[in-house]
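Report on the structure
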Amino acid sequence: MDALAPSLSLNQAFLNDVIDGLSARVPAIPARWLYDLRGSELFDEITRLPEYYPTRTETGLLERHARDVAAVAGTGRVVVELGAGSATKTPILLRAMDPAAYVPIDISGEYLQESADALQQLFPGLTVLPLEGDFMRSIRLPRGLPAGPRIGFFPGSTIGNMIPSTAVDLLRSFREALGDGSLLLIGMDRRKEVDVLLRAYDDPAGVTAAFNLNLLRRINAELDADVPVGAFRHCARWNDLKSRVEMHLQAVRDTCFTIAGHRFSFAAGQTIHTENSHKYGLRDGRLLLEAAGWWPREEWTDGEEKFAVILAEAETPRIAP
Ligand code: AVI
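To start, this report covers the structure provided alongside it. (Residues numbered from 1 in each chain as written. Predicted model: local features only at pLDDT ≥ 70, side-chain atom pairs only at ≥ 80, totals over all residues. Heavy atoms only, no water.)

**A few points about the pairing of strand E1 (residues 78-82)**
Counting buried residues in E1 gives 5 out of 5 residues, a clear majority hidden from the surface. Alignment of E1 against strand E2 (residues 101-106), held across 5 bridges, turns out to be parallel. What sits directly across from Leu-82, in E2, is Ile-105. (Buried < 20%, exposed > 50% of the residue type's maximum accessible area, 1.4 Å probe, protein only. Helix = DSSP H or I, 4+ residues; strand = E, 2+ residues; numbered from the N terminus. Pairing = 2+ DSSP bridges.)

**Here's the deal with the environment of Pro-91**
Counting through the fold element by element, Pro-91 comes out in helix H4 (residues 89-97). As a C-alpha pair, Pro-91 and Glu-63 span 28 residues in sequence and 9.9 Å in three-dimensional space. When residues no more than four places from it in sequence are discounted, the contact partners of Pro-91 are Ser-86, Leu-119, Leu-122 and Phe-123. (Contact = heavy atoms within 4.5 Å.)

**Points about the nonpolar core**
Counting residues in each nonpolar core, the largest one holds 40 residues, and the members touching the most others are Leu-22, Leu-216, Ile-219, Phe-232 and Ile-259. Of all elements in the fold, only helix H1 (4-23), helix H2 (37-47), helix H7 (194-201), helix H8 (207-222), strand E6 (232-239), strand E7 (244-251), strand E8 (255-259) and strand E9 (262-266) reach the threshold of two or more residues within this core. Of all the elements, H8 adds the most residues to this core, at 6 residues. Formed by 33 residues, the second largest nonpolar core is a distinct cluster that contains Val-103, Leu-178, Leu-184 and Trp-294. (Core = buried A, V, L, I, M, F, W, Y, C linked by side-chain atoms within 4.5 Å.)

**Brief notes about helix H9 (residues 282-291)**
Residues Gly-285, Leu-288 and Leu-289 constitute the buried set of H9. The arc that holds the buried residues of H9, viewed along the axis, is 95 degrees, so those residues lie on one side. Facing away from the buried side of H9, by more than 90 degrees, are the exposed residues Arg-283 and Leu-287. Tucked inside the fold, the buried residues of H9 contact helix H6 (164-178), strand E5 (183-189), strand E11 (294-301) and strand E12 (307-314). Remark: Gly-293 follows H9 within two positions and exhibits a positive phi of approximately 85 degrees. (Arc of directions from axis to C-beta.)

**Points about the layout of surface pockets**
Of the voids in this model, the second largest pocket is the one considered here, and its volume is about 220 Å³. As for the second largest pocket, its lining consists of Arg-172, Arg-175, Glu-176, Glu-290, Ala-291, Ala-292, Gly-293, Glu-315, Thr-316, Pro-317, Arg-318 and Ala-320. Listed by contribution, the elements that provide at least two residues to the lining of the second largest pocket are H6 and H9. The element contributing the most residues to the lining of the second largest pocket is H6, with 3 residues. (1 Å grid on protein atoms, 1.4 Å probe; cavity = no way out; pocket = protein on both sides within 12 Å on 5 of 7 lines; lining within 4 Å. Points joined across faces, edges and corners; volume = space filled by probe spheres on them.)

**Some remarks on the site of the ligand**
Around the ligand sit 13 residues, and of these Tyr-52, Asn-161, Tyr-201, Glu-275 and Ser-277 come closest. Contact distances for the ligand include 2.5 Å between an oxygen atom and a side-chain N or O atom of Tyr-201. In this structure, a nitrogen atom belonging to the ligand sits 2.7 Å away from a side-chain N or O atom of Glu-275. Contact with the protein chains covers 96% of the free accessible surface of the ligand, which is 340 Å². Along the lines of polarity and charge, the residues of the shell around the ligand split into 7 nonpolar, 5 polar and 1 charged. (Near = heavy atom within 4 Å. Polar contact = N/O pair within 3.5 Å; in protein donor to acceptor, adjacent residues only side chain to side chain. Areas by Shrake-Rupley, 256 points an atom, 1.4 Å probe, with all protein chains shown as cover. Nonpolar A, V, L, I, M, F, W, Y, C, P; charged D, E, K, R; others polar.)

**Remarks on the sheet that holds E12**
The sheet built from 7 strands is open, its strands ordered E3-E2-E1-E4-E5-E12-E11 with mixed pairing. The sheet terminates laterally at strand E3 (131-132) and E11, the two strands that pair on one side only. Across the sheet, helix H3 (residues 53-73) lies against strand E4 (150-154), E5, E11 and E12, angled at about 35 degrees from E12, the strand it touches most. Sheet strands touched by helix H5 (residues 109-122): E2 and E3. Its angle to E2, the strand with the most contacts, is close to 155 degrees. (Axes fitted to C-alpha atoms, helices over the stretch in contact; angles between N-to-C directions.)

Function cannot be read off these values alone, since they describe shape.
Written out as structure tokens, the structure reads:
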């Protein structure tokens, strides 16, 4: 009974988001529902595509600058990662930092445990304290963490998937959870030529299209629905005013379907907005951090300035003119 309760409420939350989202004036479904098992596998595949530059570029930046991070942060910090640690990026940082403990936070307990186990094997002497929870709601670090300052690690440009007000709220809550004297190492994708961006989010192999369309398959599989997947196509758009790539599912013909007894109809050309990926210019990224109480101290970027890794320090509130 207890074991069923969480999945029941997750299913209910999915249903609520889908019904509310499709009933809205501008139909949209929160991007977090893209990541079921298949969605996560497809996202992994995306990160290896030649057109999808962020993962490769950020990993290169971490390899080049992890020692610079350690030079500022010193050793013996507690590393707190938002999201389960990636097998490629996290070890680069841990190796350079020699931390007092490593705390990965993720909503998926299973994925979290797997990644924590893998890192524990790689760093047998390291205290690994995985924390299951939704960091978008609240962050409460485990009791009994080693004393001393912390460093938050938020790679992958995940911050770009939030609208700016949500991003600032999250960065601020992270600032509060990590405390005075803390640092934050964050990856942000930069603005660049529109064709480069659109190729990264609409690759010729169709992996991103499959990732986006998988949301409709998931709705059919989990929500007693009959969405005609073939009536929609993946569509990536650059919204210059908002400085973001948007993913949509666009109806290729007039269509209607039912989800858990709710009837929806879409005219050809109408879309369901499924994801935002904001791209930050040099000043935009800094402003976002400062709005949340983080002072950017170092910033590293690749030769083409495609991607930035920023090291920011917790700012002490002070009187300002
Ligand atoms: C997870 N996130 C940072 C990816 C991005 O680039 O916004 C998700 C993604 N969506 C399509 N391709 C990749």
